[in-house]
Amino acid sequence: MSALTGHPPRREPRSILPWLATPALVVFVGFAVIPLVGVFALSFTTWDGIGAIHPSGLTSWRAVLTNPGLPHALWVTSLVMAVSWAVQTPLSILLGTFLAGRQRYRAVLGVVYFVPLMLSSAAIAIAYKALLDPNFGLGAGLKIHALSQDWLGRPGLAFGVVVFVVSWQFIPFHSLIYQGGVQQIPKSLYEAAQLDGAGRIRQFFSITLPQLKYTVITSSTLMVVGSLTFFDLIFILTEGGPGDATRVLALDMYKRGFQANLMGPASAIAVILVLVGLALALLLRRLGGRDAGASQLEGV
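Below is a short write-up of the structure. Just so it is clear, the structure is predicted and the values come from calculations on it, not from any experiment.

Thresholds, definitions, all that
- Residues numbered from 1 in each chain as written.
- Predicted model: local features only at pLDDT ≥ 70, side-chain atom pairs only at ≥ 80, totals over all residues.
- Heavy atoms only, no water.
- Salt bridge = Lys/Arg side-chain N within 4 Å of Asp/Glu carboxyl O.
- Buried < 20%, exposed > 50% of the residue type's maximum accessible area, 1.4 Å probe, protein only.
- Helix = DSSP H or I, 4+ residues; strand = E, 2+ residues; numbered from the N terminus.
- Core = buried A, V, L, I, M, F, W, Y, C linked by side-chain atoms within 4.5 Å.
- Contact = heavy atoms within 4.5 Å.
- Patch = residues over 30% accessible without salt bridge, like charges linked within 9 Å, V, L, I, M, F, W, Y side chains within 5 Å.
- Areas by Shrake-Rupley, 256 points an atom, 1.4 Å probe, with all protein chains shown as cover.

## Here's the deal with the pattern of salt bridges
Step number 1: This structure, assessed with the given rule, holds three salt bridges.
Step number 2: Among the salt bridges present, the one from R247 reaches D244, with a minimum N-O distance of 3.9 Å.
Step number 3: A relative accessible area of 21% places R247 in the partly exposed class.
Step number 4: A salt bridge links R256 to D252; its shortest N-O distance comes to 3.4 Å. Residue R256 and its partner D252 are located together in helix 13 (residues 249-259), separated by four residues, close to a single helical turn.
Step number 5: D252 gets classed as buried once you look at its relative accessible area, which sits at 3%.
Step number 6: Each of the salt bridges in this network shares a partner with another, and the network as a whole consists of D244, R247, D252 and R256.

The following block contains the structure:
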């Protein structure tokens, strides 16, 4: 009983947030944690994908780490990651800033720009492979010699095509992220800048870019970690060729596991991909500062 009111003390309702998070936790454990543990355990075995699984200790890891193709695959993966980030980030920021305007036609353009993301990577790869065919593709049909190159038969050109197609597909997604980030910037900052006589370019570099710091970190994390899993698009376009010019780590994992029937080494490469992705995500979060997560939550 309360001494002042004569009523029993009021009980605070228990928080329901843990119960709301339970379904997501169950899905995460069932479809992420358990398969990851299984892949890690499989990397210490010998298995052809059909017969019995035999424990083999560090045999698979030795085979992977001593293979001269691993450093090359890591290098190609890092190169695709860095170049695609350098292409996608500035274009996504510019498109996102442009689409954040209030003109009516920009909403229509936003829908058009978003179309590539609605297509599957396999369909995009098949379409571009047909368009870039030197004998029956777009260049041959229009009789334009500059477009009739052997785009997928030369190492430099094949790598450029992979980066271009990846950027073409995913720039809309990151533009949407930057569009939301720009719309969260207080309008008062731009009004004050206009009173001080700042033009659009000065406003972009002095207000828009600094305010998009944490959005850049979020977009870069998705972009960099996602680039580690590029497989279907590269597999259809080049199959890792010419030679090993576009043989990324995910494609190397597939070839070892499903073409050479070496599930142990393939699982070891999968674990390496997870570790590299986790390290990159933590590094980008570190670069963003402690307030990156809080800032993103405030913008939601």
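## Regarding the nonpolar core
Step number 1: With 20 residues, the main nonpolar core has V80, V161, V165, L233, I234, L237 and V248 as its most contacted residues.
Step number 2: Those elements that provide at least two residues to this core are helix 3 (69-99), helix 6 (121-131), helix 8 (155-183) and helix 12 (232-237).
Step number 3: With six residues, the single largest contributor to this core is helix 8.
Step number 4: Ignoring sequence-local partners within four residues, the contact set of V248 consists of A73, V76, T77, V80, F230 and I234.

## Details of a nonpolar patch on the surface
Step number 1: On the surface, L25, F28, V29, V33, I34 and V37 cluster together into a nonpolar patch covering about 530 Å² of accessible area.
Step number 2: Mapped onto the elements of the fold, V29 is located in helix 1 (residues 17-42).
Step number 3: Here V29 falls in the partly exposed class, since its relative accessible area comes to 33%.

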